Amino acid sequence: AQSVSQHNHHVILSEAASLELGCNYSYGGTVNLFWYVQYPGQHLQLLLKYFSGDPLVKGIKGFEAEFIKSKFSFNLRKPSVQWSDTAEYFCAVSSSGGYQKVTFGTGTKLQVIP
Amino acid sequence: GAVVSQHPSRVICKSGTSVKIECRSLDFQATTMFWYRQFPKQSLMLMATSNEGSKATYEQGVEKDKFLINHASLTLSTLTVTSAHPEDSSFYICSASFGASTEAFFGQGTRLTVV
């Protein structure tokens, strides 16, 4: 069975600091990888995804993630965070193709201090 | 993105009663809907996948007779928690997509408290 591990539960950064949120998954086969974001009071929304091709994926709002197959990792990065990036971030994986049977990590709460 | 709405957002019910949660896709036809539950400080766990007009496919360990899922139309799926117990208290979230290979959009979730 697939699983996802997010190492940081709560991250506090100052504006303009760089961000990297760790995500590791366990599954030996082909996977689809996702990062979702939930802003305060809002629905979960897709930040970026990796299905195939270039392992460096660019998403909305300046976020990117790199799929490193040898490390089973899909870390999320942003060079300079803003106060509006305060949210909870979820890494997720699907081994069934597309958006089926998605397994989520426990989430990382990011707090950006102005 | 597309809009998915859940109702109610919060519900408190007595132990032994049943509760129905609705998930609606407001501006697209959702052929596939997913139901998740989230316990405090844990990740979202997929409970079941439902395709319009078909019986839901439940994940291992999820009681299909307790968590009844109906997906009778392309815009509405319902989750009924039957004979609710305090241990069913959780956050239930749905997502909807137009097919398995297209992006799934999430509802805002329903906080169920069974007393």
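Since the model is a prediction, treat every value here as computed from it, not as a measurement.

Conventions used here
- By convention here, each chain's residues receive numbers from 1 onward along its written sequence.
- Chain A is the first chain written and ligand 1 is the first ligand written, with later ones labelled in order.
- It should be noted that, the model being predicted, local features are given only for residues of pLDDT at least 70 and side-chain atom pairs only at 80 or more, the latter also being counted only at that level, while totals for whole chains, interfaces and linings use all residues.
- To obtain the side-chain values, all non-hydrogen atoms of the structure were included, while hydrogens and water were left out.
- Numbered from the N terminus, helices here are DSSP runs of H or I no shorter than four residues, and strands are runs of E no shorter than two.
- Computation of the radius of gyration draws on C-alpha atoms alone. For the globule rule, the value is 2.2 Å times the number of residues to the power 0.38.
- The cut-offs for exposure are 20% and 50% of the maximum accessible area for each residue type, with area from a 1.4 Å probe on protein chains only; residues under the lower value are buried, those over the upper are exposed, and the others partly exposed.
- Here a residue-residue contact requires only that any non-hydrogen atoms of the pair lie within 4.5 Å.
- Accessible areas in this description were obtained via Shrake-Rupley with a 1.4 Å probe; residue shielding takes into account the shown protein chains only.
- What makes two strands pair is DSSP finding at least two bridges between them.
- An axis is simply a line fitted to the C-alpha atoms; with a helix, the fit covers only the stretch in contact. Between two such axes, the angle follows the N-to-C directions and lies from 0 to 180 degrees.
- Take the buried Ala, Val, Leu, Ile, Met, Phe, Trp, Tyr and Cys residues and link them wherever side-chain atoms come within 4.5 Å; each set so joined is a nonpolar core.

Our next topic: the overall build of chain A. Each helix and strand in chain A was counted, giving zero helices and 12 strands. Going from the N terminus to the C terminus, chain A shows its helices and strands as β-β-β-β-β-β-β-β-β-β-β-β. Relative to the compact-globule value of 13 Å for 114 residues, chain A shows a C-alpha radius of gyration of 13 Å, a close match. Considering only C-alpha atoms, chain A reaches an extent of 40 × 25 × 20 Å along its principal axes. In chain A, which comprises 114 residues, the share counted as buried stands at 46%. For chain A, the proportion of contacts with a sequence separation of at least 24, taken over those separated by at least 6, is 57%. Taken as a whole, chain A presents about 5,400 Å² of accessible surface, with 53% of it coming from carbon and sulfur.

Residue and element names in this part refer to chain B. Taken in spatial order, the four strands line up as β1-β3-β8-β7 in an open sheet, and their pairing is antiparallel. Bordering the open sheet on either side are β1 (4-7) and β7 (67-73), each of which pairs with just one other strand. The average angle at which neighbouring strand axes cross in this sheet is 15°, direction not considered. Both strand β3 (residues 19-25) and strand β8 (residues 76-81) contribute to a ladder of six bridges, which runs antiparallel. Within the sheet, the bridge partner assigned to Arg 24 lies in β8 and is Leu 76.

Among the nonpolar cores identified, the biggest contains 28 residues, and Leu33(A), Trp35(A), Leu48(A), Phe74(A), Leu76(A) and Tyr89(A) are the most heavily contacted of them. Listing elements by their share of this core, those giving two or more residues are β2 (10-14), β3 (19-21), β5 (32-38), β6 (44-50), β8 (64-68), β9 (73-78), β10 (87-94) and β12 (108-113) of chain A. The next biggest cluster of nonpolar side chains, apart from the first, holds 23 residues, and it includes Met47(B), Phe67(B), Ala84(B) and Tyr92(B).

Residues and elements named next belong to chain B. Here Ser 9 is to be found in the loop between β1 and β2 (10-13). Since its relative accessible area comes to 43%, Ser 9 is described here as partly exposed. In sequence terms Ser 9 and Thr 31 are 22 residues apart; their C-alpha atoms lie 23 Å from each other. Beyond its immediate stretch of four places on either side in the chain, Ser 9 contacts Gly 109, Thr 110 and Arg 111.

The values reported here are purely geometric and, on their own, carry no functional implication.
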